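Results of the structural survey
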Amino acid sequence: MNYQRPKGTADILPGESEKWQFVEETARLIFRDYQFQEIRTPIFEHFETISRSVGDTTDIVSKEMYDFYDKGDRHVTLRPENTAPIVRAFVENKLFGPEYAKPYKVFYTGPMFRYERPQKGRLRQFHQIGVEAFGSSNPATDVETMAMALDFFKQLGIQQIRLVINSLGDKETRKNYRQALIDYLEPHLEELSADSKRRLHENPLRVLDSKDPKDKQFVAEAPSILEFLTPASQKHFDDVLKMLDALEIPYEIDSNMVRGLDYYTDTIFEIMSDAKGMGAQSTICAGGRYDGLVEELGGPETPGFGFAMGIERVLMTLAMEEIVIPAINELDAYVVAIDDGTNLEALKLVQAVRNFGFSADRDFMHRKPKAQFKSADKLGAKLVLTIGEEELLKGVVKVKSMATSKEQEFRLEEVYEDFPEIYDEMTTKMFD
Ligand code: ATP
Ligand code: MG
């Protein structure tokens, strides 16, 4: 029997996990500058929470849910995305109350689950970093949140990206557009894919999101939703564009862009990577405004704006753009233990060094001193503490600075009582 990970999942091993940490830490730093705070919600939710928010006719709900009945016969699902769960938490914890900041701004990072056909950049367990801002309908919220996503990519060193935006307008916009789209598509009904045939009357906007080449030719000629914006939605969209211009943020308008989730209103956007090799998985960040969603889940009328980016796709982009992630290769002290009799003292030494707040490692494999020094070097150790039976008898340890090659003997008690002093003395560079 071969035990294998489930299809569409990945093991993130040391060597790779450092890259994840770098991406996540960069996000945390940028998000802090914009005053977003971290939120953590469960990785499974009631099926209804998701289906109600994301929409029954979306691919996510109709095909991709990892849902099941638990032992208490509750219909639950692994979360396929995190906006719906956060809106649920926002309502349930009454985060709209007067004691909370407005807009209420949160970010998250974690695994999401969709039953998809796995391919490069498309997994069944994938990971997103995302943000949500509740309570502001100011177009400046749309713009600064998109700017934050772009800042994040810039900070990572990613260059070949494009901001694509569109507006889905308000309820009235979509009602009018819906009819226009049905009128346009109906004569072609027989030529559409099976999915699109079904969706035409259920949710015609979904047809625009079809990846089927048959549908795409009709979608290309479809009427533009931008022709149907109500005056209020038109003003919001114009303001967003004006503000992007004022910040000198380049963008493209794609009036055929809809998103794979039904809750969006007004501004929607995607950040695409133009790096070679991204293939069909070139959307690295996507989001927009969802002004009705909080009400939909039982909360007071509250506008919202957010985005999510796929960490796997961000890492793919970093690789495609050949961006080198700074290696964290630092160790304060490595203990070289010579002779079997020093095993216990080596254990005490690394523990003492660590208890002073320094990082330390040692040899466990009884290797020759030369091999141990090689490890110290590879690990980027600043100091090497060598102890053999001879040193042990004398109650001393040799301390060597790897940068200067200076070596000096210290009494073991000195290490145990005041390692930081030895560390300072040995790592301060001498000038001659
Ligand atoms: P796509 O059109 O590529 O299927 P989507 O519209 O379903 O994406 P969203 O639900 O908006 O994507 O999710 C936001 C981001 O999360 C995407 O832009 C992408 O970077 C990432 N993402 C979505 N699904 C997956 C997946 N199965 N594997 C890896 N990343 C994903
Ligand atoms: Mg998808």
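Residues numbered from 1 in each chain as written. Chains lettered and ligands numbered in written order. Predicted model: local features only at pLDDT ≥ 70, side-chain atom pairs only at ≥ 80, totals over all residues. Heavy atoms only, no water.

1. As for the sheet that holds strand β13 (residues 360-362)
Taken in spatial order, the 5 strands line up as β13-β12-β14-β15-β16 in an open sheet, and their pairing is mixed. At either end of the open sheet lies a strand with only one pairing partner, and these are β13 and β16 (407-411). Averaged over neighbouring strand pairs, the angle between their axes works out to 25° when direction is ignored. Relative to β16, strand β15 (residues 396-401) is paired through 5 bridges, and the arrangement is antiparallel. The partner of lysine 400 across the bridge, within β16, is glutamate 407. Along the sheet face, helix α16 (residues 412-427) touches β12 (331-337), β14 (381-387), β15 and β16 and points at about 155° away from the line of β16. (Pairing = 2+ DSSP bridges. Helix = DSSP H or I, 4+ residues; strand = E, 2+ residues; numbered from the N terminus. Axes fitted to C-alpha atoms, helices over the stretch in contact; angles between N-to-C directions. Contact = heavy atoms within 4.5 Å.)

2. Observations regarding the site of ligand 1
As a matter of local geometry, ligand 1 sits amid 16 residues, with Arg114, Glu116, Arg122, Leu123 and Arg259 nearest to it. Between arginine 114 and ligand 1, the recorded distance is 2.8 Å, taken from a side-chain N or O atom to an oxygen atom. In this structure, an oxygen atom belonging to ligand 1 sits 3.1 Å away from a side-chain N or O atom of lysine 211. Those elements giving two or more residues to the shell around ligand 1 turn out to be β6 (125-134), β10 (283-289) and β11 (304-310). The biggest single contributor to the shell around ligand 1 is β10, with 3 residues. (Near = heavy atom within 4 Å. Polar contact = N/O pair within 3.5 Å; in protein donor to acceptor, adjacent residues only side chain to side chain.)

3. Notes on the side chain of threonine 145
Inspection of the secondary structure puts threonine 145 in helix α5 (residues 139-156). On the basis of relative accessibility, which here comes to 1%, the residue threonine 145 falls in the buried class. Apart from residues no more than four positions distant in its own chain, threonine 145 is found in contact with Phe36, Val131, Phe305 and Phe307. (Buried < 20%, exposed > 50% of the residue type's maximum accessible area, 1.4 Å probe, protein only.)

4. As for the packing of helix α1 (residues 17-33) against α5
Two elements in contact, α1 and α5, have axes separated by 10 Å at closest approach and are oriented at 135°. Relative to α5, α1 is oriented oblique. Like other packed secondary-structure pairs, α1 and α5 cross with a definite hand, here right-handed. Side by side, α1 and α5 meet where Phe22, Val23, Thr26, Ala27, Ile30 and Phe31 of the first sit next to Met148, Asp151, Phe152, Gln155 and Leu156 of the second. (Parallel < 35°, antiparallel > 145°, perpendicular 65-115°, else oblique. Left-handed = near helix turned anticlockwise from the far one by under 90°.)

5. Some thoughts on the pairing of β14
Most of β14 is tucked away, with 6 of its 7 residues classed as buried. The pairing of β12 with β14 spans 6 bridges and is classified as parallel. Opposite leucine 331, over in β14, you have alanine 381 as the bridge partner.

6. A few points about the domain arrangement of the protein
With domains assigned, the protein is organised as domain 1 (17-170 + 230-320) and domain 2 (333-427). Distance from the C-alpha centre of domain 1 to the C-alpha centre of domain 2: 49 Å. (Domains from an automatic or database assignment.)

7. Section: the sheet that holds strand β5 (residues 104-113)
In spatial order, the strands read β1-β5-β6-β11-β10-β9-β7-β8; together these 8 strands make up an open sheet with mixed pairing. Two strands lie at the open edges of the sheet, namely β1 (37-38) and β8 (252-253), each paired on one side alone. Where β10 lies against β11, 5 bridges are found, and the strand directions are antiparallel. For arginine 289, the partnering residue across the bridge sits in β11 and is phenylalanine 305. Helix α4 (residues 83-92) rests against β5 and β6 of the sheet, and its axis sits at about 45° to β6.

8. Points about the pattern of salt bridges
Evaluated as defined, the whole model comprises 31 salt bridges. Residue arginine 5 pairs with aspartate 11 through a salt bridge whose shortest N-O separation is 3.1 Å. Where arginine 162 meets aspartate 274, a salt bridge forms, and the shortest distance between an N and an O atom there is 3.0 Å. Note that arginine 162 is positioned in strand β7 (residues 161-167) and aspartate 274 in the loop between β9 (265-273) and β10, a separation of 112 residues in sequence. In the salt-bridge network here, residues are joined through shared partners; they are Asp59, Lys63, Asp195, Arg198, Arg199 and Glu202. (Salt bridge = Lys/Arg side-chain N within 4 Å of Asp/Glu carboxyl O.)

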